Each structure stands twice: as structure tokens, then as C-alpha cells.
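Architecture and fold: a report
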Amino acid sequence: MTSTAASVLMERLGLDDEELCRVLDVDPLTVIGGDLDHRPELPILLALTSEAAERVHPDALRRWVRTAGPSGRPIDHLLRRDFPAFEDALETLGTRGFVVRARDDR
């Protein structure tokens, strides 16, 4: 994997540098150097998000990542490295569309 692949994931999900490093559990120099072959998360996340990237407008996908849905915010799943929960959120996006949990302002 290369830093280009990391850039694709960053752009696709609207991640900043720090978030990308947390998701991949690497330091910034590892990303810059493209030394990501030992990180299986990157190709898996690219594969998981490719269908969503084809079906949803890029801006909507980046917004979805930071919006609370039925199981919380997808970005929080990623930052906790809870990839099964993120995959479930992607499946919900694919089957139900962009679902936003109602806020309770009471």
C-alpha cells in the first residue's frame, strides 16, 4: 500500500491527518513514506467503502461519516478501530440510505 491509497481513503471519508493515523494505527512518517504494507486496515477500508463511494455523492459520504446514525457516528467507530461496527454502518448506508438519528432536544 502506498501513501496514495491512504490519500484516497482520507479524501473519500474526509479524514484529517491525525484521524488517518489513528485509524491505521501508524505514525505520520509511516504514511508519508508509504510504508503501509503491514497495515491490513487500509486495503480493507478501501474495499469496504468503494461501493458506498460509487453510490453516494462524495460530499454526502464525508458528511455521513460524521453524522450520528442508528448506531452512532461512523467516524467514532473508525477512531476506536471498531471496524465491525463501521462495516455495519456502511451496510445500513447501503440498504437504508443516509439515516440520521433524531435529536432529542428536550
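Below is a short write-up of the structure. (Residues numbered from 1 in each chain as written. Predicted model: local features only at pLDDT ≥ 70, side-chain atom pairs only at ≥ 80, totals over all residues. Heavy atoms only, no water.)

**Quick notes on the environment of H38**
On the secondary structure map, H38 appears in the loop between α3 (28-33) and α4 (41-55). Looking at H38, the relative accessible area reads 47%, which means it is partly exposed. Those residues within four positions of H38 in sequence are excluded, and the remaining contacts are V26 and T30. (Helix = DSSP H or I, 4+ residues; strand = E, 2+ residues; numbered from the N terminus. Buried < 20%, exposed > 50% of the residue type's maximum accessible area, 1.4 Å probe, protein only. Contact = heavy atoms within 4.5 Å.)

**A short note on unusual backbone geometry**
Here D25, not a glycine, exhibits a phi torsion of approximately 55°, which is positive. In this structure, R81 is a non-glycine residue whose phi angle is positive, near 60°. Relative to the helices and strands, R81 resides in the loop between α6 (74-79) and α7 (83-96). By relative accessible area, which is 28% here, R81 ends up partly exposed.

**Digging into the pattern of salt bridges**
In total, this model carries 7 salt bridges according to the counting rule given. For E41, the salt bridge is made with R39, and the minimal N-O distance between the two is 2.6 Å. (Salt bridge = Lys/Arg side-chain N within 4 Å of Asp/Glu carboxyl O.)

**A look at the nonpolar core**
Membership of the largest hydrophobic core comes to 29 residues, with the highest contact counts inside it found for L9, L13, L20, L42 and W64. For this core, the secondary structure elements donating two or more residues are α1 (3-13), α2 (17-24), α4, α5 (58-65), α6 and α7. The residues touching L13, leaving out its near neighbours within four places in the chain, are T49, L61, R62, V65, L78 and F86. (Core = buried A, V, L, I, M, F, W, Y, C linked by side-chain atoms within 4.5 Å.)

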